2 protein chains.
Amino acid sequence: MSFQGEQHPGVQTPTADSEGFRLNHTMLRVKDPEKALAFYSRVFGMRVLRRLDFEEMRFSLYFLAKLEEGEAVPDEEGERTVWTFSQKGLLELTHNWGTENQADFAYHDGNAEPQGFGHICFSVPDLEAAEAWFDANGVEFVKRADQGKMKNVVFVKDVDGYWIEVVQADRLAALGD
Amino acid sequence: MSFQGEQHPGVQTPTADSEGFRLNHTMLRVKDPEKALAFYSRVFGMRVLRRLDFEEMRFSLYFLAKLEEGEAVPDEEGERTVWTFSQKGLLELTHNWGTENQADFAYHDGNAEPQGFGHICFSVPDLEAAEAWFDANGVEFVKRADQGKMKNVVFVKDVDGYWIEVVQADRLAALGD
């Protein structure tokens, strides 16, 4: 029998009721979409699958994906929206119109008090190459791979101050031991 | 040529530097892992891929995935950790030891002030069946599919108060029009 999940206090065996559920996206609010989109497209190579505007409520949503090589995305907008909501691991950026022009406006990163949300995480093929790429783009580091207690784990900040963990999967076999 | 992403102010074309980057997980802090694991395993059908304990720093991490039918996960722990960090769309729950015994302790959901993080989102095959399933499990609703301006979009709360959006992809073709 294949691996069915670790057993810990509280864990229950899933039933048919949750069949087909899929963790589609994580939503973060951003102050200035132009800056956020430049950051996530250039530094992390994400594509904008779909922008949705809500004029009456004065906000826009941007759905971003890191597409796999050769992954086929529908051209037609309605089909593309449906495709977008069928994927795993997307990032949704919410822009409430006007915040980009408010000098003192900033969103809360969840790591300062009051705490809650912590970070998103990208895995990368080569951690040192990724660090050099972040440096080349002036990305702010919270910690580098050789700093602190958790070696091989990098944290950077996006342009709104949200933390992004960056790891190389094949160097983490002994994590937590 | 296949779809390469929408063009909006700020968007840049990814370079080879971000090749192989993958959005692996989103981390949320939870007060009581037993309650959070019961919720995400029972209601959303997630499995615990890996628990990592950090005794010196007094916290544990739980990596959860909604596995696809027949998806093969390595049994051996080191291999499974590497596999975990190679996936897309996982949920990481962080438990700082002892918070479960502090009566007044609660994490910040990011939707009350100060705002930042908004929600995670699951897509489901049948939105009404999902609503009935949430009701059968006493899940708290922020809004049902037929409430508010955004029809066909459900929001519920997890046991820490974080918002979870729930959608049925094939009913969203006209969203934002």
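Reading the values: rules and limits
- Once a new chain begins, its residue numbering starts again from 1 and follows that chain's sequence as written.
- Here chains are named by letter from A upward and ligands by number from 1 upward, in the order in which they appear as written.
- In keeping with the model being predicted, local features are shown solely for residues with a pLDDT of at least 70 and side-chain atom pairs are shown and tallied solely at 80 or more, while totals for entire chains, interfaces and linings include all residues.
- For side-chain calculations, the full set of non-hydrogen atoms in the structure is used, while hydrogens and water are omitted.
- UniProt positions are given in the numbering used here, feature names are shortened, and annotations may be inferred rather than shown by experiment.
- Relative accessible area decides the class of each residue, using a 1.4 Å probe on protein chains only: under 20% of the type maximum gives buried, over 50% gives exposed, and in between gives partly exposed.
- Starting at the N terminus, helices and strands are each numbered in turn, a helix being any DSSP run of H or I of at least four residues and a strand any DSSP run of E of at least two.
- Side-chain atoms alone can form a polar contact between residues adjacent in sequence; in general such a contact is a pair of N or O atoms within 3.5 Å, and within protein one must be able to donate a hydrogen while the other accepts it.
- The criterion for strand pairing is that DSSP finds at least two bridges linking the strands in question.
- Between rings of Phe, Tyr and Trp, where Trp is taken as its six-membered ring, a pair exists when centres lie within 6.5 Å; planes separated by under 30 degrees are stacked, by over 60 edge-to-face, and by other angles tilted.
- Two thresholds decide whether a charge sits over a ring: the Lys NZ or Arg CZ must be within 6 Å of the ring centre and within 35 degrees of the ring normal.
- Copies overlap after least-squares fitting; the atoms used are the C-alpha atoms of residues with pLDDT of at least 70 in both.
- Throughout, a residue-residue contact means that at least one pair of heavy atoms, one from each residue, lies within 4.5 Å.
- The criterion is simple. A nonpolar core is a set of buried Ala, Val, Leu, Ile, Met, Phe, Trp, Tyr and Cys residues joined through side-chain atoms within 4.5 Å.
- Fitted lines through C-alpha atoms give the axes, limited to the stretch in contact for helices. The angle between two N-to-C directions lies from 0 to 180 degrees.
- In this tally Asp and Glu are treated as negative and Lys and Arg as positive; neither His nor the chain ends contributes.
- Whenever Lys or Arg places a side-chain nitrogen within 4 Å of a carboxyl oxygen from Asp or Glu, that contact is recorded as a salt bridge.

- Per an unreviewed UniProt entry, chain A goes by the name Lactoylglutathione lyase and belongs to Halomonas campaniensis.
- Quoted verbatim from the Sequence similarities (unreviewed entry) heading of the UniProt record, the comment on chain A is "Belongs to the glyoxalase I family."
- Looking at the Catalytic activity (unreviewed entry) heading of the UniProt record, one finds this comment for chain A: "(R)-S-lactoylglutathione = methylglyoxal + glutathione".

1. Regarding helix α1 (residues 33–42) of chain A
Residue and element names in this part refer to chain A.
Working step 1: With seven of 10 residues buried, α1 lies mostly within the body of the structure.
Working step 2: Residues of α1 that are buried: Pro33, Ala36, Leu37, Ala38, Phe39, Tyr40 and Ser41.
Working step 3: The N-terminus of α1 is capped by Asp32, whose side-chain oxygen sits 3.0 Å from the backbone nitrogen of Glu34.

2. Observations regarding the pairing of strand β8 (residues 163–167) of chain A
On a regular strand, one side chain projects to one face of the sheet and the next to the other, so that they alternate.
All names here are of chain A.
Working step 1: Judged by how many residues are buried, β8 sits mostly within the fold: four of five residues are covered.
Working step 2: Alignment of strand β5 (residues 117–123) against β8, held across four bridges, turns out to be parallel. Across the sheet, the residue bridging to Cys121 is Glu165, located in β8.
Working step 3: Strand direction decides the pairing type here: strand β7 (residues 153–157) and β8, joined by five bridges, are antiparallel. Within the sheet, the bridge partner assigned to Val153 lies in β8 and is Val167.

3. Comments concerning the packing of aromatic side chains
Working step 1: Summed over all chains, the structure comprises 25 aromatic pairs over all chains.
Working step 2: Over the face of the ring belonging to Phe141 of chain B we find Arg144 of chain B, whose NZ or CZ atom lies 3.8 Å from the ring centre.

4. Here we look at the relation of the copies chain A and chain B
Look at the two chain copies: a rotation about an axis and a shift along it is all it takes to match them.
Working step 1: Between chain A and chain B, the superposition needs a rotation of 180° and an axial shift of 0.0 Å, giving an RMSD of 0.0 Å. Both copies of the chain, as the preceding transformation shows, are related through a two-fold rotation axis. The position closest to the rotation axis in chain A is occupied by the C-alpha of Gly89 of chain A, lying 1.9 Å away.
Working step 2: Most of the interface of chain A is mirrored in chain B, where 100% of its interface residues again form contacts.

5. Some points on the nonpolar core
Working step 1: Counting residues in hydrophobic clusters, the biggest one holds 68 residues, and the most contacted among them are Tyr40, Phe44 and Phe134 of chain A together with Tyr40, Phe44 and Phe134 of chain B.
Working step 2: In this structure, Phe44 of chain A is in contact with Phe39, Lys66, Phe122, Phe134, Val156, Ile164 and Val166 of chain A together with Ser18 and Phe21 of chain B, ignoring residues within four places of it in sequence.

6. Remarks on the sheet that holds β5 of chain A
In a beta sheet, neighbouring strands are held together by backbone hydrogen bonds and run either parallel or antiparallel to one another.
Working step 1: What the eight strands build is an open sheet, ordered β6(A)-β7(A)-β8(A)-β5(A)-β1(B)-β4(B)-β3(B)-β2(B); its pairing is mixed. Only two strands of the sheet have a single neighbouring strand rather than two, namely β6 (141–143) of chain A together with β2 (47–54) of chain B. With direction set aside, neighbouring strand axes in the sheet form an average angle of 25°.
Working step 2: Here strand β3 (residues 59–65) of chain B runs beside strand β4 (residues 90–96) of chain B; their pairing, made up of six bridges, is antiparallel. Residue Tyr62 of chain B lies in a different strand from β4 of chain B, and its bridge partner there is Leu93 of chain B.
Working step 3: Contacting β6, β7 and β8 of chain A, helix α3 (residues 127–136) of chain A crosses the sheet at an angle of about 145° to β8 of chain A.
Working step 4: Contacts between helix α2 (residues 77–84) of chain B and the sheet are confined to β1 (22–29), β2, β3 and β4 of chain B, with β2 of chain B contributing the most and set at about 105° to the helix.

7. Looking at the environment of Arg42 of chain B
Working step 1: Assignment of secondary structure puts Arg42 of chain B in helix α1 (residues 33–42).
Working step 2: C-alpha separation for the pair Arg42 of chain B and Asn137 of chain B, spaced 95 residues apart in sequence, amounts to 8.8 Å.
Working step 3: Once residues within four sequence positions are removed from consideration, Arg42 of chain B is found in contact with Gln12 of chain A together with Leu37, Trp133 and Asn137 of chain B.
Working step 4: Of note is the side chain of Arg42 of chain B, whose polar atom sits 2.5 Å from the side chain of Asn137 of chain B.

8. Concerning the UniProt feature "active site" (unreviewed entry) in chain A
Working step 1: The feature "active site" (unreviewed entry), as given by UniProt, occupies Glu165 of chain A in the numbering adopted here.
Working step 2: With a relative accessible area of 7%, Glu165 of chain A lands in the buried category.

9. A closer look at the side chain of Arg29 of chain B
Working step 1: Locating Arg29 of chain B in the fold gives a position in strand β1.
Working step 2: Buried Arg29 of chain B, no salt bridge; nearest opposite-charge side chain is Asp109 of chain A, N-O distance 7.2 Å.
Working step 3: The contact partners of Arg29 of chain B, leaving out residues within four places of it in the chain, are Gly110, Asn111, Gln115, Gly116, Phe117 and Gly118 of chain A together with Thr94, Asn96, Tyr107, Asp160 and Tyr162 of chain B.

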